[in-house]
Amino acid sequence: MDSAYKTSAKKPLLEISGLKTVFPTDDGIVNAVNDVSFEISRGQTVGVVGESGCGKSITGLSLLQLVPSPGRIESGEIRFYRNGEDAPLDIAQVSPKSELMRQIRGSEIAIIFQEPMTSLNPVYTIGNQIAEAIILHEQVDKKTARERAIEMIARVGIPAPTQRVDEYPHQLSGGMRQRVMIAMALCCSPTLLIADEPTTALDVTIQAQVLGLMQELQAELGMAIMLITHDLGVIADLADEVVVMYAGRVVEKGTVDDIFYHPLHPYTQGLLKSIPVLGKTPQRTLPSIPGTVPHPLTLPTGCSFQPRCSERMGECERMPELVGVNGKTENDEHDVRCWLHTDF
Amino acid sequence: MHDLRKYFPIQKGIFQRTIGYVKAVDGISFDIQRGETLGLVGESGCGKTTAGRCLLRLIPPTSGSFIFGEEEVDLAKLSHHEMRPYRRRIQMIFQDPHASLNPRMTVGDIVGEPMRVNRTEKGAALHDRVVELLEAVGLRSQDIRRYPHAFSGGQRQRIGIARALALQPELIVADEPVSALDVSVQAQILNLLAELREKFHLSYIFIAHDLSVVEHISDRVAVMYLGKIVEISDAETLYQSPKHPYTEALISAVPLPDPSAQRQREHIRLAGDVPDPSQPPTGCYFHPRCRYATDICKQETPELRQVASGVQVACHHSDTLELQGV
C-alpha cells in the first residue's frame, strides 16, 4: 500500500518553509520551532521524530494555528493546498480565531492527541461528541449526524456501535478511546491528519491495533498523516518520509529508508544506535549519546547538538544550513544540517 | 555472603480482597539468583507492579511466601517490626523521577536519608558516603547541595538510583525505571544499571512494558498476563522462540526500528483488550484473544510447567505449536 503512494507522482498538500514559533517568557524568548521546512504530499505519511522539547508537537499545533498563548508564529509560511483550489493558502497568515481557520480545523486538517482521556469531554456521550464535530462542519440535522457517528464508530472497529454511541468516555478502555478520537478526527474526511504521539499511552498489542487501523483508514480515505512520535519503531512501521528534529530545528530529513539505513547526522546516528532492538543479540553496553537535551533558553552557540557530538570540530561554532545530499535511494531528497556534509 | 549460588526462591499467591476478588497477582512463582536480572513484562493491569510491591511488602501479600537471603527467611510472614532489618536489603527504583524525590530536600538529604533512618552512617562519614554514591551514579560531588528541580529527568533518575544503593542492598526492584525518559537518556540509565550490577553484585527485578528494554537488560524474562506468569525463560530463548501464544503476539506487536524488516514481518494483531481481572475468562485467561485456542483452553486452566531446560510455560498446546519470534 505504501509503495503505491511512493511511486505515484507526488502532489503537494502542505509546504512548510522557514516556520518559526516563539514563546516569550520572563527569562527571554524561547524559539520552540526555529526555521523548520518540510513538505507533506497527498496520501503520504511524514514522521516527525525527536526527544521531548525538540518542538515537534509545537510544529503540529502551528499548522492548525493552535499554538497555546503566549506562543505565536513569528515568521515562515505554511502553504496548504486546499481541495479544488490551485493557489495555496498560507495558514501562517490566517488569524487563529477567524472563520476560515475554523473551517480548516477538523474538516480539512484534523488532529489526534496522545492522551485520549483528557481530549474527550467526560460529561458527554461519545456519540454526542462525534456528532458535534459533524454538525459544526456540515449542514446536517442531529439525526443524520448521529447516524454518521454510528457509522464512524463502526468503521474504527468498535464492536456494537449502536450501543457504544450512547456510552461515556470512562466506560471505554484506552484503546477504544483512541479509536473514538480517530473516528472524531476522520468524520469530515480531512486531507491531513496530525497524529501527536497517538499510541504512546497504549499497550503494545493495543498500539498495534490502532496503528493498523490508521493504515487501513489512510488507504481507504487517501489522507496524508503527519505522525509525531519519539518511538522510532512506530516511525519505521508507518512513515514514508522522516523529519528528525533537535532543539527546535530540523537536523535531517529523508525517506524512511535513507534515515534508518543511511543516517548522516550524528544525532540521528546516535539515536538509532541507542535504542535496544528486539532480537538483536543483547549487548552489555548500549552506545549512548552523552549529556542531555539543552535548555531552550541556553542553547549552545552554533550547532545545537555540538556539545554532545562525537564528531565536533571548529566549524560547529557556526550554525550549519539544512542542505541536500545525494540520497542513497534514487529520486529522493535527503537533507542534513551538519558541517560534515556541508562545504565550508 | 560467600555462596554465590544463593537462591531467592519466591512463591506467592495473592488475592486482594474486595467485594468480589480482583486477582491482581494470582499465584506467581519464580526465583532469582544473586547477580541475576529478572525482567517482568506485561501490559498494563497484568499485575507486574503489584508483584514488585508485594516483594517489598509495600502491599501486604494475601498469601504465599517469599524466601530471601541465605538465612532463608520467609519475608511474607514477618511482622512489620521483624521486617525492618530486611528492608534495607531490598530497595526500589521508581518510574517517575519527578514524583519520587521530595522537592524540598537537597540531593544530599535525599540520598543520605536511608542511612540516617537506619543509623548506618553519620556526620562526616555520611557526607563522604553520599559523595561516593553520587559519583558512582555519574553525578558530581557539588550536586549534593542542589535541589531536585535543578536536574533533568535522567539526572533525577540517577539520584533515585543513588538513594536505592545507599544501604548496599542485595536486590533492587526497578519499576519502569526508564519509561519516563527520552531515548538518548534511556540508554545512559540502562548502561548505568548494568554497570552497577557488576560493581555491587546486585540482583534486579526489572519491571517494564517495553520488551526491547527488558530483553536488553535481563538474563531471564517472565511474561505476565492477568496476574499470572504465562512464560518464563532466558531472555534470548524467549524472544527467538516463544512458547506461549501471548508472548508471540507481544513480540509481533513491537514495531521494529527497521523499515524493511517491518514491512516483511507477519503482524499478529490481537483482538480486544485485556479482560477485566475481577471477571477473568474461564480456563486459560488468554483464550478469548488466542488464535490457537481450542475447547480445552476454555475449560481447563493450564499450569506453568517446564518444557525445556530453564523454560516454563502455561499453555495446553505449547508442545505442538510452532511460534515465531523475531
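Residues numbered from 1 in each chain as written. Chains lettered and ligands numbered in written order. Predicted model: local features only at pLDDT ≥ 70, side-chain atom pairs only at ≥ 80, totals over all residues.

Asks: Can you walk me through the overall build of chain B in this structure?
Replies: Along chain B, the regular secondary structure elements total 11 helices and 13 strands. Its C-alpha atoms give chain B a radius of gyration of 21 Å, within 12% of the compact-globule value 20 Å for 326 residues. Its C-alpha atoms give chain B principal-axis dimensions of about 70 × 50 × 40 Å. Once local pairs closer than 6 in sequence are excluded, the contacts in chain B between residues at least 24 apart make up 65%. (Helix = DSSP H or I, 4+ residues; strand = E, 2+ residues; numbered from the N terminus. Rg over C-alpha atoms; globule rule 2.2 N^0.38 Å. Contact = placed C-beta atoms within 7 Å.)

Asks: What is the right way to read the overall build of chain A from this model?
Replies: Tallying secondary structure elements over chain A gives 12 helices and 12 strands in all. The C-alpha atoms of chain A give a radius of gyration of 21 Å, which matches the 20 Å a tight globule of 344 residues would have. For chain A, the residues scored as buried account for 49% of the 344 residues in total. Taking as baseline every contact in chain A between residues at least 6 positions apart, the subset at least 24 positions apart corresponds to 64%. (Buried ≥ 20, exposed ≤ 12 C-beta atoms within 10 Å, placed from the backbone.)

Asks: Help me understand the interface of chain A and chain B, please; the structure alone is not making it clear to me.
Replies: The accessible area lost on association of the parts is a frequent measure of interface size. On the chain B side, the residues contacting the 38 residues of chain A number 38 residues. Residue assignment for the side of chain A that touches chain B shows that the elements contributing at least two residues are α9 (204–221), α10 (232–238), α11 (256–261) and α12 (266–274) of chain A. Top contributing element to the side of chain A that touches chain B by residue count: α9(A), with seven residues. The residue makeup of the side of chain A that touches chain B, split by class, is 18 nonpolar, 15 polar and five charged. (Nonpolar A, V, L, I, M, F, W, Y, C, P; charged D, E, K, R; others polar.)

Asks: So what exactly am I meant to see when it comes to the sheet that holds strand β2 (residues 28–41) of chain A here?
Replies: Pairing between sheet strands relies on hydrogen bonds along the backbone, with the strands arranged either parallel or antiparallel. Residue and element names in this part refer to chain A. One open sheet holds the four strands; their spatial order is β2-β1-β4-β5, and the pairing between them is antiparallel. A single partner strand is all that each edge strand has here, and the edge strands are β2 and β5 (89–90). Against the sheet, helix α2 (residues 56–63) contacts β1 (12–25), β2 and β4 (72–80), and its axis sits at roughly 70 degrees relative to β2. (Pairing = 2+ DSSP bridges. Axes fitted to C-alpha atoms, helices over the stretch in contact; angles between N-to-C directions.)

Asks: Mind showing me how you'd approach the domain arrangement of chain A here?
Replies: Residue and element names in this part refer to chain A. Taken domain by domain, chain A comprises domain 1 (1–108 + 190–295) and domain 2 (119–187). Taking only C-alpha atoms into account, the centre of domain 1 sits 26 Å from that of domain 2. Facing 14 residues of domain 1, the contacting portion of domain 2 comprises 12 residues. For the side of domain 1 that touches domain 2, the secondary structure elements donating two or more residues are α3 (99–107) and α9. In terms of residues, the side of domain 1 that touches domain 2 owes the most to one element, α9, which gives seven residues. (Domains from an automatic or database assignment.)

Asks: I'm lost on the sheet that holds strand β10 (residues 220–225) of chain B in this one. Help?
Replies: Residue and element names in this part refer to chain B. Pairing within the open sheet is mixed, and its eight strands lie in the order β7-β8-β9-β4-β10-β11-β13-β12. On the outer flanks of this sheet lie β7 (90–93) and β12 (305–308), each paired with one strand and no other. Direction aside, neighbouring strands of the sheet carry axes that sit 20 degrees apart on average. As defined by bridge partners, β12 adjoins strand β13 (residues 311–313) across three bridges and the pair is classed as antiparallel. Within β13, the residue paired with R305 across the bridge is V313. The sheet strands contacting helix α5 (residues 153–165) are β7 and β8 (171–175), and the helix crosses β7 at an angle near 175 degrees.

Asks: Is there a simple way to explain the packing of α9(A) against helix α9 (residues 245–253) of chain B in this structure?
Replies: Two measures define how a pair of helices packs: the angle their axes make with one another and the distance between the axes. With their axes 8 Å apart at the nearest point, α9(A) and α9(B) run at an angle of 50 degrees to one another. Taken together, the axes of α9(A) and α9(B) are oblique relative to one another. Taken as a pair, α9(A) and α9(B) cross one another with a handedness that is left-handed. Across the interface between the two elements, A:V204, A:T205, A:Q207 and A:A208 of α9(A) pack against B:A249, B:L250 and B:A253 of α9(B). For the contact of α9(A) with α9(B), the class distribution of residues is five nonpolar, two polar and no charged. (Parallel < 35°, antiparallel > 145°, perpendicular 65-115°, else oblique. Left-handed = near helix turned anticlockwise from the far one by under 90°.)

Asks: Where do I start with α9(B) in this structure?
Replies: The α-helix advances 3.6 residues per turn, and as a result positions three or four apart in sequence lie on the same side. Counting buried positions over the nine residues of α9(B) gives nine, a clear majority of the element. Residues of α9(B) that are buried make contact with α9 of chain A together with α7 (211–217), β10, β11 (228–234) and α8 (235–240) of chain B.

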